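# Residue-level structural notes
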Amino acid sequence: SAVISQKPSRDICQRGTSLTIQCQVDSQVTMMFWYRQQPGQSLTLIATANQGSEATYESGFVIDKFPISRPNLTFSTLTVSNMSPEDSSIYLCSVARTVGNEQYFGPGTRLTVT
Amino acid sequence: GQQLNQSPQSMFIQEGEDVSMNCTSSSIFNTWLWYKQEPGEGPVLLIALYKAGELTSNGRLTAQFGITRKDSFLNISASIPSDVGIYFCAGQLGETSGSRLTFGEGTQLTVNP
């Protein structure tokens, strides 16, 4: 497994603003992912964070709304842009050592948009 | 896209009872994973299954990868209060899909002491 931390752990933001969430892993990993978990719901994959190149977004998610960076093999950021109350969710990063390996999740960032 | 049907949606049991939950899919997966999520935490990996028919245990937890590769179940024996949480199944196609996980809707487990 891997030790994964996320910052911030929670935040309350006003609509129209943006929030950047950080994900840090204690060792190098090949794969990093970002998920959204809406209140009382399951997890939905937002995108795969690719090191040194643009993220790969899932259907329904776009780069303008959720820009992602991954400068190296241990760190990634997700920005939630121009927030609305519908963006209130838990945002989780996950990692896998190599392609096809099991994924481990960070503790999540609880975002409330007012 | 692929969908996972997880059941039951919730369970209320007495301490000491055994629990069973399952996931079915309309398409095959190469890997099945079971996670547990407690309030305020991220999902924690419980068991990973890699081969059709595989039966794997982790303490009081047992999970199986269905022969058809379209289903999996998780059993918890002799439940205890700390088993409370939401259990998620997840299917993964593997390298060709970029390791994407598809999650079930979760089973909320409540254990009464």
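Provided above is the structure to which this section pertains.
Scope of this entry: the structure provided in the associated data block. The model shown is predicted, which means the values in this text are computed figures rather than measured ones. (Residues numbered from 1 in each chain as written. Chains lettered and ligands numbered in written order. Predicted model: local features only at pLDDT ≥ 70, side-chain atom pairs only at ≥ 80, totals over all residues. Heavy atoms only, no water.)

We now examine the packing of aromatic side chains. Tallying each qualifying case throughout the model produces nine aromatic pairs over all chains. Relative to phenylalanine 103 of chain B, the ring of tyrosine 35 of chain A has its centre 5.8 Å away and its plane inclined at 85 degrees; by these criteria the two rings are edge-to-face. Pair noted here: tyrosine 35 of chain A is in strand 4 (residues 31-37) and phenylalanine 103 of chain B is in strand 10 (residues 101-103), and the two residues belong to different chains. For tyrosine 35 of chain A, a relative accessible area of 0% puts it in the buried group. Between phenylalanine 29 of chain B and tryptophan 32 of chain B, the ring centres sit 5.3 Å apart and the planes meet at 75 degrees, which makes this aromatic pair edge-to-face. (Phe/Tyr/Trp six-rings, centres within 6.5 Å; stacked < 30°, edge-to-face > 60°. Helix = DSSP H or I, 4+ residues; strand = E, 2+ residues; numbered from the N terminus. Buried < 20%, exposed > 50% of the residue type's maximum accessible area, 1.4 Å probe, protein only.)

Now for the pattern of salt bridges. All names here are of chain B. Evaluation of the coordinates by the stated rule reveals four salt bridges over all chains. A salt bridge links lysine 36 to glutamate 38; the nearest nitrogen and oxygen atoms lie 3.3 Å apart. Across the pair aspartate 83 and arginine 60 runs a salt bridge whose closest N-O atoms are separated by 2.8 Å. Of this pair, aspartate 83 sits in the loop between strand 8 (71-76) and strand 9 (85-92) while arginine 60 sits in the loop between strand 6 (55-58) and strand 7 (61-65), and the two are 23 residues apart along the sequence. (Salt bridge = Lys/Arg side-chain N within 4 Å of Asp/Glu carboxyl O.)

The subject of this paragraph is the side chain of threonine 48 of chain A. By the element assignment, threonine 48 of chain A lies in strand 5 (residues 43-49). When its relative accessible area of 7% is taken as the criterion, threonine 48 of chain A is described as buried.

All names here are of chain B. A sheet is described by the order of its strands in space; here five strands give the open sequence 1-3-8-7-6, paired in antiparallel fashion. Each of the sheet's edge strands pairs with one partner strand only, and the pair in question is strand 1 (4-7) and strand 6. Direction aside, neighbouring strands of the sheet carry axes that sit 15 degrees apart on average. Note that strand 7 and strand 8 share five bridges and pair antiparallel. The partner of leucine 61 across the bridge, within strand 8, is isoleucine 76. (Pairing = 2+ DSSP bridges. Axes fitted to C-alpha atoms, helices over the stretch in contact; angles between N-to-C directions.)

No statement about biological role is implied by the geometric values presented.
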